[in-house]
Every structure is written in structure tokens, then in C-alpha cells.
Amino acid sequence: MPFERSATVLAGGNVLAESGPMRLVISAGIGKVVQTQMALRAAEESFGFLERVAAHRISLGRQYRECRDRIQDPLVLKMISSVVAIGDEDLTPMAAVAGTLADAVADFLFERGMTKVVVDNGGDVAIRADREEPVTVGIRPDVNDRAVSHVIGLDPDLRTHGVATSGLGGRSLTRGIASAATVVAQTASLADAAATAVANASFLEDAQVWRRRAEELDPYTDIAGLDVTVKVGPLSEEKKSQALAQAIQKAEDLVRREVILGAFVAVQGVHGMTEYFRDRLVEQP
């Protein structure tokens with residue numbers, strides 16, 4: 001059965017597109033002129049993108065090696081290829097779903113002459129821009145708190161970026177203990193899958209870390225049989241540093257393999273970042 005759908009014009013001319021689990025905020029412009037009608041067109045397209053993914057939901061909830069040979073839809077294949085690029089055996093293609101949908105909508109707009117596009121799918125963001133000035137992105141050290149601790153400027157030489165955040169308390173289950181793991185890549189699809197992997201890498205055994213089987217929290221989960229983190233109490237500074245180091249090491253590996261551009265990770269108030277983030281920090285007023 002198709003999802004119910006709605007497209008609403010927001011203050012400032014952005015468009016909110018909602019359908020089933022998808023909630024997109026779409027911003028489109030040519031120069032400094034907001035293109036609301038094009039954003040509405042993109043909202044209608046997004047509903048079709050979601051239906052295409054939903055048609056493969058059963059296959060996409062399996063380990064990627066089990067489904068990639070049976071799928072022909074290029075949108076769905078992008079989800080699979082992003083997870084393959086990460087290389088973690090515990091990820092299914094659903095780890096890239098939000099970012100892939102954001103990419104599809106952003107590409108639709110950019111290919112039709114928009115010069116700046118931002119599509120935010122619940123925190124997984126696709127950015128397309130022709131510009132000389134860098135686009136800035138605020139970084140939150142806790143997915144449960146909207147406060148921004150750092151701001152970075154994206155590379156103005158690249159026309160396409162994806163930014164995604166995963167962590168304990170976010171809308172998806174996590175196997176790690178990071179309060180936030182934010183990844184920048186050249187697509188939101190890659191950033192989405194990578195953020196999940198980087199956040200997962202922060203896990204460590206401790207009496208202050210409580211875990212349960214994923215299916216106990218979500219009977220429809222794509223990672224049934226795996227333990228996920230449900231609560232983390234106060235950790236020692238040593239344990240925080242260990243978890244942070246593990247996640248940053250995972251991020252650095254993905255940077256070396258040119259899967260992502262960089263990452264920022266926070267664990268209970270302690271944070272670290274890769275060179276990409278350090279080099280692009282913007283002073284806040």
C-alpha cells in the first residue's frame with residue numbers, strides 16, 4: 001500500500017515533504033532567489049523515489065552480499081554500493097536509505113538548473129552548489145541536543161556533498177556509544193552509511209553500557225540478531241578516550257580509502273575529528 005504523502009510550503013519558501021518514514025526539508029535556489037515551485041516538484045518526485053525503495057524493502061533488510069545480484073533499480077543499487085564501499089559485514093543497505101533519498105531529490109533539482117540545493121532527510125543532508133563561497137555546516141556533539149559546538153566550511157571546489165550524523169539516541173539504532181558521529185562525504189548516501197559505521201566503531205564493554213537485541217526494540221529492524229546500545233551511564237575518561245579513538249580510527253580508514261572526506265566524533269563531552277574537519281573549522285561569532 002502506498003504511503004500517505006504531503007508537501008507543505010514553509011516560511012522562507014522551503015518545502016516539507018512527508019511520506020511514511022521520510023521527512024524531507026527541501027531548499028532550492030538560483031543565485032539568491034528561492035525556487036519554491038521547483039522544490040514542490042522535487043517533493044512530488046521524492047514520493048516516487050520512496051516507493052521504489054519500499055518495493056525492495058525485504059531484500060534491502062538483508063546483508064548486502066545477499067541482495068546485490070537481484071536488483072536492477074539504480075536508486076536501490078546506490079544504497080547497496082554505498083554499504084559495499086564501507087565494507088562492514090553488519091551493515092545492510094538500509095544503512096544508506098535516508099542519505100540516498102536525499103541525494104536523489106538533490107540531484108533532481110541540480111540537474112534542472114538550481115545553483116544551490118539542500119535536502120535534509122531527518123539529519124542526513126545532501127548539498128549541491130555552484131558557488132565560490134563555502135557552504136557552512138554546524139556540528140552537534142550530541143544527537144539529542146540541537147546545540148552546535150563547531151562549524152565547518154565545505155570545500156568550495158566540490159559541487160556535491162553529503163553530511164550525516166549517527167549516535168546514541170538518534171532515530172536509528174546504534175551498536176556504539178558515541179553521542180554523535182558526523183561524516184562528510186561527496187554524497188549523502190555514503191555519508192549516511194559511513195556515519196553508522198563510525199558510530200558503531202565506538203562500542204566498548206563496560207558496566208555502564210547496556211545492550212539489547214535489535215529486534216527487541218524494533219520488530220522490523222534490518223539488523224535482527226545483533227546487539228544495540230540502549231543506555232550508557234557515566235564513563236571514565238579512559239573509556240571515553242578509548243571509544244573515541246576507535247571511532248576516529250574507523251573514520252581515518254574510510255578517509256584513506258577515499259570513501260569519505262572526514263568525520264567528527266563525540267563521546268560524553270569528549271570529541272575528536274579528522275584532518276578535514278580541523279582544516280575547515282570556522283570561527284563562530
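Okay, so let's go over this structure. Here the structure is a predicted model, which means the values were calculated and not measured.

1. Concerning the overall build of the protein chain
Then, number 1: Scanning the protein chain for helices and strands turns up 8 helices and 14 strands.
Then, number 2: In summary, the protein chain has a C-alpha radius of gyration of 18 Å against a globular reference of 19 Å for 285 residues, a match within 12%.
Then, number 3: Judged by the C-alpha coordinates and their principal axes, the protein chain covers about 55 × 50 × 35 Å.
Then, number 4: Out of the 285 residues in the protein chain, the part that is buried amounts to 49%.
Then, number 5: A separation threshold of at least 6 residues defines the contact pool for the protein chain, and within that pool the share at least 24 residues apart is 60%.
Then, number 6: Element-wise, carbon and sulfur atoms account for 50% of the exposed surface of the protein chain, whose accessible area totals about 13400 Å².
Then, number 7: Charged side chains of the protein chain number 31 positive and 39 negative; the gap between the two group centres comes to 2 Å.

2. Focus on the nonpolar core
Note that soluble globular proteins tend to have their nonpolar side chains buried in a common cluster.
Then, number 1: Residues Ile-26, Leu-109, Ile-177, Ile-260 and Val-265 are the most contacted members of the largest nonpolar core, which totals 71 residues.
Then, number 2: In terms of nonpolar packing, the next biggest core, distinct from the first, is built from 13 residues, Val-125, Ala-266, Met-273 and Tyr-276 among them.

3. Digging into the packing of aromatic side chains
Then, number 1: By the definition in use, this model includes 2 aromatic pairs.
Then, number 2: Each ring, one from Tyr-276 and one from Phe-277, has its centre 6.0 Å from the other, and the planes form 65 degrees; the classification is edge-to-face.
Then, number 3: Looking at Phe-277, the relative accessible area reads 1%, which means it is buried.
Then, number 4: Through a chain of ring-to-ring contacts, the aromatic side chains of Phe-264, Tyr-276 and Phe-277 assemble into a single cluster.
Then, number 5: Here the guanidinium or amino end of Arg-211 rests over the ring plane of Phe-203, the centre of that ring lying 3.7 Å away.
Then, number 6: A cation over an aromatic ring shows up here: Lys-231 above the ring of Trp-210, its NZ or CZ 5.2 Å from the ring centre.

4. Regarding unusual backbone geometry
Then, number 1: In the Ramachandran plot, Glu-258 falls in the positive-phi region, its phi being about 60 degrees despite a non-glycine side chain.
Then, number 2: Position of Glu-258 relative to the elements: it lies in the loop between helix H7 (237–256) and strand S13 (262–267).
Then, number 3: The backbone of Gln-268 shows a phi angle near 45 degrees, a positive value even though the residue is not glycine.

5. With respect to the pairing of strand S3 (residues 22–30)
Regular strands have side chains that alternate between both faces of the sheet.
Then, number 1: Bridging between strand S2 (residues 15–19) and S3 involves 5 bridges; their strand directions are antiparallel. Of the residues in S3, the one forming a bridge with Ala-17 is Leu-24.
Then, number 2: Counting the residues in the hairpin turn of S2 and S3 gives 2 residues, including Gly-20, whose phi is positive at 55 degrees.
Then, number 3: Pairing analysis gives 6 bridges linking S3 to strand S5 (residues 116–121), with the strands arranged antiparallel. Following the sheet pairing, Ser-27 is matched in S5 by Val-118.
Then, number 4: With 2 bridges connecting them, S3 and strand S4 (residues 33–34) associate as antiparallel partners. Within S4, the position partnered with Gly-29 by the bridge is Val-34.

6. Re the pattern of salt bridges
Then, number 1: Evaluated as defined, the whole model comprises 15 salt bridges.
Then, number 2: With its nearest N and O atoms 2.7 Å apart, the salt bridge here joins Asp-73 to Arg-52. Taken as a pair, Asp-73 in the loop between helix H2 (57–60) and helix H3 (74–86) and Arg-52 in helix H1 (residues 36–54) lie far apart in primary sequence, 21 residues in all.
Then, number 3: You can call Asp-73 buried: its relative accessible area is 14%.

7. Some points on the packing of H3 against helix H4 (residues 97–110)
Then, number 1: Where H3 contacts H4, the axes come no closer than 10 Å and their chain directions differ by 135 degrees. Classed by the angle they form, the pair H3 and H4 counts as oblique. For H3 against H4, the interelement crossing comes out right-handed. Contacts between H3 and H4 involve Leu-75, Lys-78 and Met-79 from the former and Val-97, Thr-100, Asp-103, Ala-104 and Asp-107 from the latter.
Then, number 2: Classifying every residue of the contact of H3 with H4 by side-chain character gives 4 nonpolar, 1 polar and 3 charged.

Procedures and definitions
- Residues numbered from 1 in each chain as written.
- Predicted model: local features only at pLDDT ≥ 70, side-chain atom pairs only at ≥ 80, totals over all residues.
- Heavy atoms only, no water.
- Helix = DSSP H or I, 4+ residues; strand = E, 2+ residues; numbered from the N terminus.
- Rg over C-alpha atoms; globule rule 2.2 N^0.38 Å.
- Buried < 20%, exposed > 50% of the residue type's maximum accessible area, 1.4 Å probe, protein only.
- Contact = heavy atoms within 4.5 Å.
- Areas by Shrake-Rupley, 256 points an atom, 1.4 Å probe, with all protein chains shown as cover.
- Lys, Arg positive; Asp, Glu negative; His and termini not counted.
- Charge placed at Lys NZ, Arg CZ, Asp CG, Glu CD.
- Core = buried A, V, L, I, M, F, W, Y, C linked by side-chain atoms within 4.5 Å.
- Phe/Tyr/Trp six-rings, centres within 6.5 Å; stacked < 30°, edge-to-face > 60°.
- Lys NZ or Arg CZ within 6 Å of the ring centre and 35° of its normal.
- Pairing = 2+ DSSP bridges.
- Salt bridge = Lys/Arg side-chain N within 4 Å of Asp/Glu carboxyl O.
- Axes fitted to C-alpha atoms, helices over the stretch in contact; angles between N-to-C directions.
- Parallel < 35°, antiparallel > 145°, perpendicular 65-115°, else oblique.
- Left-handed = near helix turned anticlockwise from the far one by under 90°.
- Nonpolar A, V, L, I, M, F, W, Y, C, P; charged D, E, K, R; others polar.

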